[in-house]
Amino acid sequence: ANVVLSVHASHLHRMVDFIETTQEVKLCVHQKATASKTNSLIYLNAKDPREFNEGMIDQHKFVLQALNKVYILRNDRTIIRGIADFAKVDTEEKCISHHILKMMQQLRTNNNSIPVKVKLEAFPAKTQRQLVNKVCSLLNLNSIPETELDITPTEETHTISIIQLDDDKNSGGKKRKRNDD
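Residues numbered from 1 in each chain as written. Predicted model: local features only at pLDDT ≥ 70, side-chain atom pairs only at ≥ 80, totals over all residues. Heavy atoms only, no water.

An order of β6-β5-β7 is seen for the three strands of this open sheet, with the pairing classed as parallel. Whereas interior strands pair on both sides, the edge strands pair on one side only; in this sheet they are β6 (149–151) and β7 (158–163). Taken pair by pair, the neighbouring strands of this sheet meet at an average axis angle of 30°, ignoring direction. Relative to β7, helix α4 (residues 96–110) is tilted by about 155°, and along the sheet it contacts β5 (116–123), β6 and β7. Lying on the sheet, helix α5 (residues 128–141) is in contact with β5, β6 and β7; it crosses β5 at an angle near 145°. (Pairing = 2+ DSSP bridges. Helix = DSSP H or I, 4+ residues; strand = E, 2+ residues; numbered from the N terminus. Axes fitted to C-alpha atoms, helices over the stretch in contact; angles between N-to-C directions. Contact = heavy atoms within 4.5 Å.)

Have a look at this one:
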């Protein structure tokens with residue numbers, strides 16, 4: 001999947017039905033119960049994700065009522081499995097903050113001497129503060145100066161989005177029967 005749509009749980013089936021009528025994308029899977037309980041996620045493969053999202057919103061204004069957020073995933077995304085509570089795990093190999101720090105250091109390496117300022121977005125949003133605090137602690141612990149690598153809510157050069165998914169609960173599979181009357 002290269003697009004994740006975050007929709008309110010009450011709109012999930014309507015959005016899935018709408019997307020299935022669209023020829024521009026392939027519906028991969030949907031997840032009714034996420035970590036936030038009221039949000040659902042829909043995973044899509046689109047030929048051009050940005051163009052698909054803009055076109056969908058421009059042509060079908062009603063979609064805005066169902067959408068909470070749209071995540072466009074790039075090919076360099078990282079998928080980390082087996083983390084029970086991704087903001088509280090303390091072992092390095094399973095701690096998401098260590099993975100975020102590695103991603104930030106990779107951005108720094110790729111951008112030569114340009115300072116890298118990263119904005120962290122997290123879903124569910126209640127985990128964002130914990131993640132920012134842990135990553136800032138790691139930056140300080142590793143003595144990485146703010147002039148080289150920093151986390152900021154504004155004036156960012158890069159954005160890292162972290163999406164917590166449930167462990168295969170309610171992911172795809174069952175489709176609602178359509179009434180053809």
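Next comes the rest of the write-up.
Counting 18 residues, the largest nonpolar core has Ile100, Met104, Leu120, Leu139 and Ile160 as its most contacted members. Listed by contribution, the elements that provide at least two residues to this core are α4, β5, α5, β6 and β7. Of all the elements, α4 adds the most residues to this core, at five residues. Contact partners of isoleucine 160, with chain neighbours within four places excluded, come to Ile100, Met103, Met104, Leu107, Val118, Lys119, Leu120 and Glu121. (Core = buried A, V, L, I, M, F, W, Y, C linked by side-chain atoms within 4.5 Å. Buried < 20%, exposed > 50% of the residue type's maximum accessible area, 1.4 Å probe, protein only.)

Helix length check: α5, at 14 residues, gives a terminal C-alpha distance of 20 Å against a target of 20 Å (1.5 Å per residue), a fit within 8%. Burial in α5 covers these residues: Leu131, Val135, Leu138 and Leu139. End-on, the buried residues of α5 take up no more than an arc of 100°, which puts them together on one face. Relative to its buried face, α5 has exposed residues pointing more than 90 degrees away, namely Arg129, Asn140 and Leu141. Backbone geometry just downstream of α5 places serine 143 in the positive-phi region, at approximately 55°. (Expected span 1.5 Å × (residues − 1). Arc of directions from axis to C-beta.)

What is shown is where atoms sit, not what they do.
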